[in-house]
Amino acid sequence: MNSHISCVAAATLAAISISCGFHPFETEVEVAIPPVPPGVSEGVDDRVLLKVDSEESGGIDISARAGEVRKLKLPKAQVTVFTAFYKGGVPPAGGVLPWDGDGEARVELGFGQGFCSAVFSRLAEAGVPLSVVNYRRLSRECRLRSGGNPFLLDNERIFRALLAGNFSVRDIVMLREYELPPEALPPGDWNPANPLAEKLTGGEAARVYEGRWTFYTREDSAVLWCDSMGWHFYARDGSFSRGGTW
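Predicted model, so just to flag it, every value in this text is computed and none were measured.

**Q** Sorry if this is basic, but what is going on with the nonpolar core here?
**A** When a protein is soluble and globular, its nonpolar side chains tend to lie buried together. Counting residues in each nonpolar core, the largest one holds 25 residues, and the members touching the most others are Val31, Ile33, Leu50, Leu72, Phe82, Tyr86 and Leu109. At the level of elements, β1 (26-32), β2 (47-54), β3 (58-65), β4 (69-75), β5 (80-85) and β6 (93-97) are the ones that each hand at least two residues to this core. For this core, the element with the highest residue contribution is β2, accounting for 3 residues. Beyond its immediate chain neighbours, meaning those up to four positions away, Leu72 contacts Thr27, Glu28, Val29, Val31, Leu50, Val52, Ile62 and Phe82.

Spelled out as structure tokens, the structure:
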């Protein structure tokens, strides 16, 4: 009789939980998304794609706004990765619970963590258990070895090594570095879409790195493309285009 009563009570509790939209293995998390970086906000849409990855839930895509705090109900997980993808060349912001948050209740996304969270998001998509990767050490080493701007690291090499299971700190290497000649840039200060990077000034030589980078002035936006052959700096609206070899 007591066993029957216990079963009825359990069934009743389960029914109440479902009707109230509550799951005993869910938790509420506040996710604070950084605003669009100053200096580029006039030219960048504030819509972002917030991606949530965990071994328990897989990948969840959520439409959000830069500067917003979103309250999410998520499955409890050992590791949960949050990555906010921006428009206009702004790099992702990110954070990983439990290490980048206030317990399990809140996580403040940051551009400094965006590099590693984007790598973790790719690993989750590839089916790698996130709990086997030492996120805290990876994040710390990436900051130290990049001078505070992890987006200057070779993310593909890091991802491939982690995916293969043979990663070491020797895989944390900078992108190839070049010197941009003074004549490459039109006059004015060019603010990087990456808030961790340094601005460029027209008429001055600058240290730049391999890849595609976006810059803004008050009136213009432009893209700098660097590879082993040379550089190309061009306006998005087609108003200017400059290029050269190293």
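Next comes the rest of the account.
**Q** Any chance you could explain helix α3 (residues 135-145) here in plain terms?
**A** Three- or four-residue spacings in an α-helix give side chains the same orientation, since the helix completes a turn every 3.6 residues. Those residues of α3 not exposed but buried are Tyr135, Leu138, Ser139, Glu141 and Cys142. For α3, the secondary structure elements touched by its buried residues are β6, α2 (111-125) and α4 (155-164). Positive backbone phi, at 70°, marks Gly147, one or two positions downstream of α3.

**Q** Please explain the sheet that holds strand β15 (residues 230-235) as it appears in this structure.
**A** Strands belonging to one sheet form pairs held by backbone hydrogen bonds; the direction of such a pair is parallel or antiparallel. In space, the 6 strands of this open sheet follow the order β11-β10-β13-β14-β15-β16, with antiparallel pairing throughout. This sheet does not close on itself; its edge strands, each paired only once, are β11 (200-201) and β16 (241-245). In terms of strand pairing, strand β13 (residues 211-216) meets strand β14 (residues 221-226) through 6 bridges, oriented antiparallel. Note on β14: the bridge partner recorded for Thr214 is Val223.

**Q** What is the right way to look at a positive patch on the surface in this model?
**A** Together, Arg136, Arg137, Arg140 and Arg143 make up a region of like positive charge exposed at the surface. Inspection of the secondary structure assignment puts Arg140 in helix α3. By relative accessible area, Arg140 is classed as partly exposed at 39%.

**Q** How do you make sense of the sheet that holds β5 when you look at a structure like this?
**A** Pairing in this open sheet of 4 strands is antiparallel, and the strands run β3-β2-β5-β6 from one edge to the other. The open sheet terminates on both sides in strands that have one partner only, identified here as β3 and β6. Each strand of the sheet is rotated relative to its neighbour by a mean of 15°, with strand direction disregarded. The pairing of β2 with β5 spans 6 bridges and is classified as antiparallel. Looking at the pairing, Asp53 lines up with Val81 of β5. The sheet contacts of α2 involve β2, β5 and β6, and relative to β6 the element is tilted by about 65°.

Rules and cut-offs
Residues numbered from 1 in each chain as written. Predicted model: local features only at pLDDT ≥ 70, side-chain atom pairs only at ≥ 80, totals over all residues. Heavy atoms only, no water. Core = buried A, V, L, I, M, F, W, Y, C linked by side-chain atoms within 4.5 Å. Buried < 20%, exposed > 50% of the residue type's maximum accessible area, 1.4 Å probe, protein only. Helix = DSSP H or I, 4+ residues; strand = E, 2+ residues; numbered from the N terminus. Contact = heavy atoms within 4.5 Å. Pairing = 2+ DSSP bridges. Patch = residues over 30% accessible without salt bridge, like charges linked within 9 Å, V, L, I, M, F, W, Y side chains within 5 Å. Areas by Shrake-Rupley, 256 points an atom, 1.4 Å probe, with all protein chains shown as cover. Salt bridge = Lys/Arg side-chain N within 4 Å of Asp/Glu carboxyl O. Lys, Arg positive; Asp, Glu negative; His and termini not counted. Charge placed at Lys NZ, Arg CZ, Asp CG, Glu CD. Axes fitted to C-alpha atoms, helices over the stretch in contact; angles between N-to-C directions.

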